[in-house]
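# A closer look at the structure
Chain by chain, the residues run as shown.
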Amino acid sequence: MKILVINGPNINMLGIREPGIYGKNTFADLLALLEQTAKEEFLTIEQYQSNHEGDIVDKIQAAYGNFDGIVINPAAYTHTSVAILDALKAVSIPAVEVHISDVDAREAFRQISYAGLYCEKTIKGLGLKGYRQAILYLKEKYA
Ligand code: DQA
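The text that follows walks through the structure, step by step, so that each part is easy to find. Source: prediction; values computed, not measured.

Note: most residues except glycine have negative phi, and most peptide bonds are trans. Even without a glycine there, the phi angle at Asn10 is positive, about 75 degrees. One can find Asn10 in the loop between strand E1 (2-7) and helix H1 (19-22). One non-glycine residue with positive phi stands out, namely Ser92, at about 55 degrees. By the element assignment, Ser92 lies in the loop between helix H4 (82-91) and strand E4 (95-99). Owing to a relative accessible area of 51%, Ser92 belongs among the exposed residues under this scheme.

So, about the site of the ligand. What surrounds the ligand is the set Arg17, Tyr22, Asn73, Ala75, Ala76, His79, His99, Ile100, Ser101, Val103 and Arg110. A distance of 2.8 Å is found between an oxygen atom of the ligand and a side-chain nitrogen or oxygen belonging to Asn73. Measuring from an oxygen atom of the ligand, one finds a backbone N or O atom of Ala76 at 3.2 Å. In the complex, the protein chains occlude 99% of the 320 Å² of accessible area that the ligand would expose alone. For the shell around the ligand, a count of residues per class yields five nonpolar, four polar and two charged.

Let's shift gears to the sheet that holds strand E2 (residues 44-49). Strand order in the open sheet formed by five strands is E2-E1-E3-E4-E5, and the pairing between neighbours is parallel. Strand pairing shows two members of the sheet lacking a second neighbour, E2 and strand E5 (121-124), which therefore form its edges. On average, each strand axis in the sheet is inclined to that of its neighbour by 20 degrees, with strand direction left out of account. In this sheet, strand E3 (residues 69-73) lies alongside E1 in parallel orientation, the contact comprising five bridges. Directly across from Ile3, in E3, lies its bridge partner Gly69. Across the sheet, helix H2 (residues 27-41) touches E1 and E2, and the angle it forms with E2 is around 160 degrees.

Moving on to the pattern of salt bridges. For the coordinates displayed, the defined rule picks out eight salt bridges. With a closest N to O distance of 3.5 Å, Glu41 and Arg132 form a salt bridge. Taken together, the positions of Glu41 in helix H2 and Arg132 in helix H5 (residues 129-142) put the pair 91 residues apart, joining distant regions of the chain. Among the residues examined, Arg132 registers a relative accessible area of 26% and is labelled partly exposed.

Let us look at the pairing of E3. Consecutive side chains along a regular strand alternate between the two faces of the sheet. Extensive coverage of E3 is indicated by the burial of five of its five residues. Because side chains alternate across E3, one face comprises the buried residues Gly69, Val71 and Asn73, and the other comprises Ile70 and Ile72, equally buried. Sheet topology places E3 next to E4; three bridges connect them, and they run parallel. Residue pairing in the sheet places Val71 in a bridge with Val96 of E4. Between the parallel pair E3 and E4, the chain is carried across by H4, and the sense of this crossover is right-handed.

Rules used throughout
Residues numbered from 1 in each chain as written. Predicted model: local features only at pLDDT ≥ 70, side-chain atom pairs only at ≥ 80, totals over all residues. Heavy atoms only, no water. Helix = DSSP H or I, 4+ residues; strand = E, 2+ residues; numbered from the N terminus. Buried < 20%, exposed > 50% of the residue type's maximum accessible area, 1.4 Å probe, protein only. Near = heavy atom within 4 Å. Polar contact = N/O pair within 3.5 Å; in protein donor to acceptor, adjacent residues only side chain to side chain. Areas by Shrake-Rupley, 256 points an atom, 1.4 Å probe, with all protein chains shown as cover. Nonpolar A, V, L, I, M, F, W, Y, C, P; charged D, E, K, R; others polar. Pairing = 2+ DSSP bridges. Axes fitted to C-alpha atoms, helices over the stretch in contact; angles between N-to-C directions. Contact = heavy atoms within 4.5 Å. Salt bridge = Lys/Arg side-chain N within 4 Å of Asp/Glu carboxyl O. Right-handed = clockwise from strand over helix to strand, strands pointing away.

In structure tokens, the structure reads:
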């Protein structure tokens, strides 16, 4: 099974960015966790991070026919991007949304998720562990 993990803007700043909210784990720690999960679970996992909305749309489109599942943390684009929602709908690949922080307990503008309107599950507030849970969910349901 091939899973694409997409991370939106500023996720590459993990460990530096607002550690009180996102924790002290670094982006390199996230990449290591994905690599370890791929090995343990016999999955092919590709990670893509971009700070640019259109590049994320391009990556989702390119996943068509190439991936069996998508784990996506659209970061700030969660709350603004109809384009990312439409791209997910266009490729129709099973997807799970992840947020490192508990967005429910944060500002009002974080309460809307456009990507979440497509994703079949949302995991939030579990830190990096949320990515592993999302991958295991897709494996259990679709592998
Ligand atoms: C985030 C939550 C978003 O509101 C924020 O803009 C992010 C990260 C999270 O993982 O908790 O950049 O998606």
